[in-house]
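Notes for the structure review
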Amino acid sequence: MEQEIIRLDGVSKIFYSENGHEVLAVDKVDLSIQESEFVCLLGPSGSGKSTVLRMLAGLTPASSGKVSVLGEEVVGPRPEASMVLQDYSLLPWRSVLENVAFGLELRRVPKEERIRIATEMVEKVGLGDFLHAAPYELSGGMQQRAAIARALATDPRILYMDEPFGALDAFTRRQMQQELLSLWLKDKKTVLFVTHSVEEAVYLATRIVVMSARPGRIIADFPVDIPYPRRSSDSEFGRLVDELMHLLMELAYER
Ligand SMILES: Nc1ncnc2c1ncn2[C@@H]1O[C@H](COP(=O)(O)OP(=O)(O)OP(=O)(O)O)[C@@H](O)[C@H]1O
Ligand SMILES: [Mg+2]
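One structure accompanies this document, and this report is about it. (Residues numbered from 1 in each chain as written. Chains lettered and ligands numbered in written order. Predicted model: local features only at pLDDT ≥ 70, side-chain atom pairs only at ≥ 80, totals over all residues. Heavy atoms only, no water.)

1. A few points about helix α5 (residues 140-153)
Rule in force here: Secondary structure is summarised from DSSP: a helix means a run of H or I of at least four residues, a strand means a run of E of at least two, and numbering begins at the N terminus for each. The span one expects for a helix is its residue count, reduced by one, times 1.5 Å. Relative accessibility under 20% of the residue-type maximum defines a buried residue, over 50% an exposed one, and the middle range a partly exposed one, all with a 1.4 Å probe and only protein chains included.
Helix length check: α5 (14 residues) gives 20 Å between terminal C-alpha atoms against 20 Å at 1.5 Å per residue, within 8%. With respect to burial, α5 is a largely interior element, 13 of its 14 residues being buried. Backbone geometry just after α5 places Asp155 at a positive phi near 50°.

2. Some thoughts on the packing of α5 against helix α6 (residues 170-187)
Two quantities define a packed helix pair, namely the angle between the helix axes and the distance between the axes. The following threshold applies: Whenever a helix is involved, its axis is fitted only over the stretch in contact; in every case the axis is a line through C-alpha atoms, and angles between N-to-C directions fall within 0 to 180 degrees. Throughout, the term roughly parallel applies to angles under 35 degrees, roughly antiparallel to angles over 145, roughly perpendicular to angles from 65 to 115, and oblique to all others. For any helix crossing, the convention is left-handed if the near helix is rotated counterclockwise from the far helix by under a right angle, and right-handed if that rotation is clockwise. Contacts are assigned to residue pairs that have any heavy atoms within 4.5 Å of one another. Put simply, Ala, Val, Leu, Ile, Met, Phe, Trp, Tyr, Cys and Pro go in the nonpolar bin, Asp, Glu, Lys and Arg in the charged bin, and everything else, Gly too, in the polar bin.
Where α5 contacts α6, the axes come no closer than 11 Å and their chain directions differ by 20°. Relative to α6, the element α5 is oriented roughly parallel. When the axes of α5 and α6 are compared, the crossing they make is right-handed. Where α5 approaches α6, its residues Gly141, Gln144, Arg145, Ile148 and Leu152 are matched on the opposing element by Thr172, Gln175, Met176, Glu179 and Leu183. Considered class by class, the residues forming the contact of α5 with α6 number four nonpolar, four polar and two charged.

3. Overview of the layout of surface pockets
Quick note on the threshold: A 1.4 Å probe that fits into a set of points on a 1 Å grid over the protein atoms alone but cannot get out defines a cavity; an open set with protein on both sides within 12 Å along at least five of seven lines defines a pocket, and lining residues are those with an atom within 4 Å of a point. Grid points are joined across faces, edges and corners, and a volume is the space filled by probe spheres set on the points. Each domain span listed reflects an automatic or database assignment of domains.
Its volume calculated, the largest pocket comes out at about 590 Å³. Lining the largest pocket are 25 residues, and of these Ala81, Ser82, Met83, Leu106 and Arg107 lie nearest its centre. Top contributing element to the lining of the largest pocket by residue count: strand β6 (residues 81-84), with four residues. In terms of domain composition, the lining of the largest pocket takes at least three residues from each of domain 1 (1-80 + 159-169 + 184-255) and domain 2 (85-156).

4. What to know about the packing of aromatic side chains
Formally: For this analysis, a ring pair means two rings from Phe, Tyr or Trp (six-membered ring only for Trp) whose centres lie within 6.5 Å, classed as stacked if their planes differ by under 30 degrees, edge-to-face if by over 60, and tilted for the remaining angles. Definition used: whenever NZ (Lys) or CZ (Arg) falls within 6 Å of the ring centre and also within 35 degrees of the ring normal, the charge is taken to sit over that ring.
Applying the stated rule across the entire model yields four aromatic pairs. Taking the centre distance of 6.1 Å and the plane angle of 40° together, the rings of Phe38 and Phe193 count as tilted. Of the two residues, Phe38 sits in strand β3 (residues 38-42) while Phe193 sits in strand β8 (residues 190-195), which places them 155 residues apart along the sequence. For Phe38, a relative accessible area of 0% gives the class buried. Through successive ring pairs, a cluster of aromatic residues spans Phe38, Phe165, Trp184, Phe193 and Tyr228. Above the plane of the ring of Tyr203 lies Arg174, whose end atom (NZ or CZ) is 3.8 Å from the centre. The ring of Trp184 has Lys188 sitting right over it, with the charged end atom 5.0 Å from the ring centre.

Below is the structure:
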């Protein structure tokens, strides 16, 4: 039975700059996401993707409309969701293990148990040999793996990811995408993944939601029915990438 887990009803966000200017960043967005979907939110820079994610994560309030998770209005960060950002955001003075255990610490999980869970997560993302390393001793891809392990350690039902692989080289990026997919295929957490890479969206998502440049509106929303693992050389893959690229180009010319 499908369960709705995320819902936006007529959600808008206005930012007020210091000189009194108003910026309509998100304009009347309606969106409903079912549990276990892997949704990529795709759109040009400034289309309000991060803002949508931050409103869902309870980090900033909507200016109007209603943001709900599991049927409850979001008024602050919620325990069933974790967030992974582009810049890894590991605590530099903590080891990999201590970083991954951090969310468990906040939830007052007893020490032995949090070490057990965190160790397991670190191994799951392939960093077993770096449990006690400091973040600066890791490459970008390894830091991002640690950030994903940290997000997963609290066993969240929802994973919000904001361009998590944007800073990685093409090879590491593909490797991380594959690892994320295999984790998702195992326990089907709901993922809302922000990207401005058309190719990344088609590689990962069960559904792609496209936002237009400011003011951010949803201009396309469709399922991706290509079976996993996907290959960029497949004809359906290429067709969808072309179609999306065309859509984004049209948007750019409309401005
Ligand atoms: N804290 C803020 N204060 C003022 N304006 C903001 C703030 N955060 C975002 N904005 C504005 O809201 C709009 C949407 O920003 P947002 O960061 O959500 O875009 P984005 O789609 O994530 O872009 P990118 O792909 O570049 O990350 C932009 O015009 C931006 O200038
Ligand atoms: Mg952003």
